[in-house]
Amino acid sequence: MYELFKDLGSWLTSGDQWSGYDGIAHRLAEHLQYSLLATLIAMAIGLPLGLLIGHTGRGAFVAINLASFGRALPTVGLVVLVFLASGLSMWPVYIALVALAVPSIVTNTYAGMTAVDPDVKDAARGQGMRWHQVLFQVELPLALPLIMTGLRLALIQVVATATIAAYVSFGGLGRYVFDGLAQRDLVQVMGGAVLVAVVAIALDLALSGVQRFLFRHRPA
Amino acid sequence: MTIDWSWIGDHTDDLTTLTVSHLQAALSAVFFGLLISLPLAVVAHRVRPLRGFLLGLSNVLFTIPSIAIFVLLLPVSGLTRTTTVIGLTVYTLVVLLRNTVEGLDSVPVKTKEAAKAMGTRPFRTLLTVELPLALPVIMAGVRIATVMSISLVSVATYIGDGGLGQLFTDGFQRDFPTPVIAGVVLTLLLAVVADALLVAVQYVLTPWTRRRA
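Nothing here was measured: the structure is a model prediction, and the numbers come from that model.

*Asks:* Honestly, the overall build of chain A in this entry has me stumped. Any pointers?
*Replies:* Counting its regular elements, chain A contains 10 helices and zero strands. The linear arrangement of helices and strands in chain A, starting from the amino end, is α-α-α-α-α-α-α-α-α-α. Its C-alpha atoms give chain A principal-axis dimensions of about 70 × 45 × 30 Å. The buried share of chain A, reckoned over its 220 residues, is 42%. Taking all contacts inside chain A whose residues are at least 6 apart in sequence as the whole, residues at least 24 apart take part in 71%.

Shown next, in the form of structure tokens:
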């Protein structure tokens, strides 16, 4: 056990391991690229959807069921299925990651919108605000903390799951996990796993910092 | 992409075995998750300073990717079912602990005071007043944890377990979509059925929440 951790330590800190095409720096950049792009696409789909459902109050049933469906969908199965259908391309990775992230974003955006006090919305309308003014100047700012929570949750899940890109022959930090499993090299597997966990935790902390900065004037 | 129905017909036994094994892994995780989070939630509910620590810890554990948890457990428990169940249990904790604490928080102070005034001992109050009243929120957590576990079991296919997840690796390696489709459909089906059963359990356990006609 002790030997293993010592090897893991030297694997993570050796200069050779960090440089080159199969180096940690390059794999880390790939991992971030998959995760951030997938999260951005998921935001482009999930945010308008959640805002619309929350603003109109219609389609809530769909949103809630979409979320439990998304939770139940096995990501590994989805990746393999899209891979078999589309061949060697980035489609399986992005489709699976976006499918994973959209439900968290939609449900939290919707939850944030419904938590807005109806009296406040009435007051805004009573002052003659148009629907888009109510949406963007009243509802959205008030719903923002919960929306941010949804984005954080989505990003953590996406970063953790982007590991799977390596399973369908792409890069990212998952490369070490799957190559290590194939080569029975436990140190490499654990090195990859530790790196993914560290990236997930670091991004979550960064976003929670952004959140705290944005809402520094609000009572907790 | 076409489904080879004859493959499904030839493999009903395998599919049944994998489904049972899949369900067993997911349910064990929820069971152990409850076993751990119930006492921890009571502690978090009563001892304020520990509350943030326990909830924060479960949040941090949740950020560790599932494949990473399985892999990190390899030196401890190897390529076994135990690894799968421990990994999944860790994941259930974040939902179960948070919901149980919130459920206990939602019990009205007056109800607890009434129990105290009637001479009910604290432990008995917990068992017969607080936990039953917290049950709807706890059950909401159990439902999420169950569906999540059922979906996550398949990740354990990379460490040689994974129930229906084995169909994904199988289909991938042979470039044969039928087992993959069967695996996805059966996983979704398991999740829907388990969720419906849990709703029924909650209905039976909490007669007082039903609206009187």
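*Asks:* Which parts of the structure should I look at to understand the overall build of chain B?
*Replies:* Across its full length, chain B holds nine helices and zero strands. Taken from N to C terminus, the helices and strands of chain B fall in the order α-α-α-α-α-α-α-α-α. Oriented by its inertia axes, the alpha-carbon framework of chain B measures out at about 70 × 50 × 25 Å. Evaluated residue by residue, chain B yields a buried proportion of 43% over its 213 residues. For chain B, the share of sequence-separated contacts (at least 6 apart) that also reach a separation of at least 24 residues comes to 73%.

*Asks:* Would you mind going over the nonpolar core with me for this structure?
*Replies:* Side chains of a nonpolar character, in soluble globular proteins, are inclined to be buried together. Residues and elements named next belong to chain A. Formed by 117 residues in total, the largest nonpolar core has its most connected members in Val-79, Leu-97, Ala-101, Val-159 and Val-196. The greatest single-element share of this core, amounting to 12 residues, is contributed by helix α8 (residues 131-161). For Val-159, the contacting residues outside a window of four places in its chain are Ser-35, Val-196, Val-199, Ala-200 and Leu-203.

*Asks:* How should I be thinking about the interface of chain A and chain B in this particular structure?
*Replies:* As a measure of interface size, the accessible area lost when the parts come together is often cited. Residue-level contacts link 30 residues of chain A with 34 residues of chain B. If you list the elements that add at least two residues to the side of chain A that touches chain B, you get α4 (60-72), α5 (75-86), α8, α9 (174-183) and α10 (186-214) of chain A. Here the element with the most residues in the side of chain A that touches chain B is α10(A); it accounts for nine residues. The residue makeup of the side of chain A that touches chain B, split by class, is 24 nonpolar, four polar and two charged.

*Asks:* Got a minute to help me understand helix α2 (residues 12-46) of chain B in this structure?
*Replies:* What sets the pattern is the α-helix's 3.6 residues per turn: residues three or four places apart point alike. The end-to-end C-alpha distance of α2(B), which contains 35 residues, comes to 50 Å, matching closely the 51 Å that a straight helix rising 1.5 Å per residue would cover. The principal kink in α2(B), of about 25°, is found at B:Ser37, preceding the proline B:Pro39 by one to four residues.

*Asks:* Looking at this structure, how should I read the packing of α5(A) against helix α9 (residues 177-205) of chain B?
*Replies:* For any two helices packed against each other, the geometry is given by the interaxial angle and the distance between the axes. Axis separation between α5(A) and α9(B) bottoms out at 10 Å; the angle between their running directions is 145°. The handedness of the crossing between α5(A) and α9(B) is left-handed. Along the contact surface, α5(A) presents A:Gly77, A:Leu78, A:Val80, A:Leu81 and A:Leu84, while α9(B) presents B:Pro177, B:Val180, B:Ile181, B:Gly183, B:Val184 and B:Thr187. Of the residues assigned to the contact of α5(A) with α9(B), the class counts are eight nonpolar, three polar and no charged.

*Asks:* What is the right way to read unusual backbone geometry from this model?
*Replies:* Negative phi values dominate among residues other than glycine, just as trans dominates among peptide bonds. Even without being a glycine, A:Ser169 presents a positive backbone phi close to 70°. Looking at the secondary structure, you find A:Ser169 in the loop between α8 and α9. One non-glycine residue, B:Asp175, lies in the positive phi region at around 55°. Tracing the backbone shows B:Asp175 in the loop between α8 (165-174) and α9.

Procedures and definitions
- Residues numbered from 1 in each chain as written.
- Chains lettered and ligands numbered in written order.
- Predicted model: local features only at pLDDT ≥ 70, side-chain atom pairs only at ≥ 80, totals over all residues.
- Helix = DSSP H or I, 4+ residues; strand = E, 2+ residues; numbered from the N terminus.
- Buried ≥ 20, exposed ≤ 12 C-beta atoms within 10 Å, placed from the backbone.
- Contact = placed C-beta atoms within 7 Å.
- Core = buried A, V, L, I, M, F, W, Y, C linked by C-beta atoms within 7 Å.
- Nonpolar A, V, L, I, M, F, W, Y, C, P; charged D, E, K, R; others polar.
- Expected span 1.5 Å × (residues − 1).
- Bend = angle between axes of the 7 residues up to and from the residue.
- Axes fitted to C-alpha atoms, helices over the stretch in contact; angles between N-to-C directions.
- Left-handed = near helix turned anticlockwise from the far one by under 90°.

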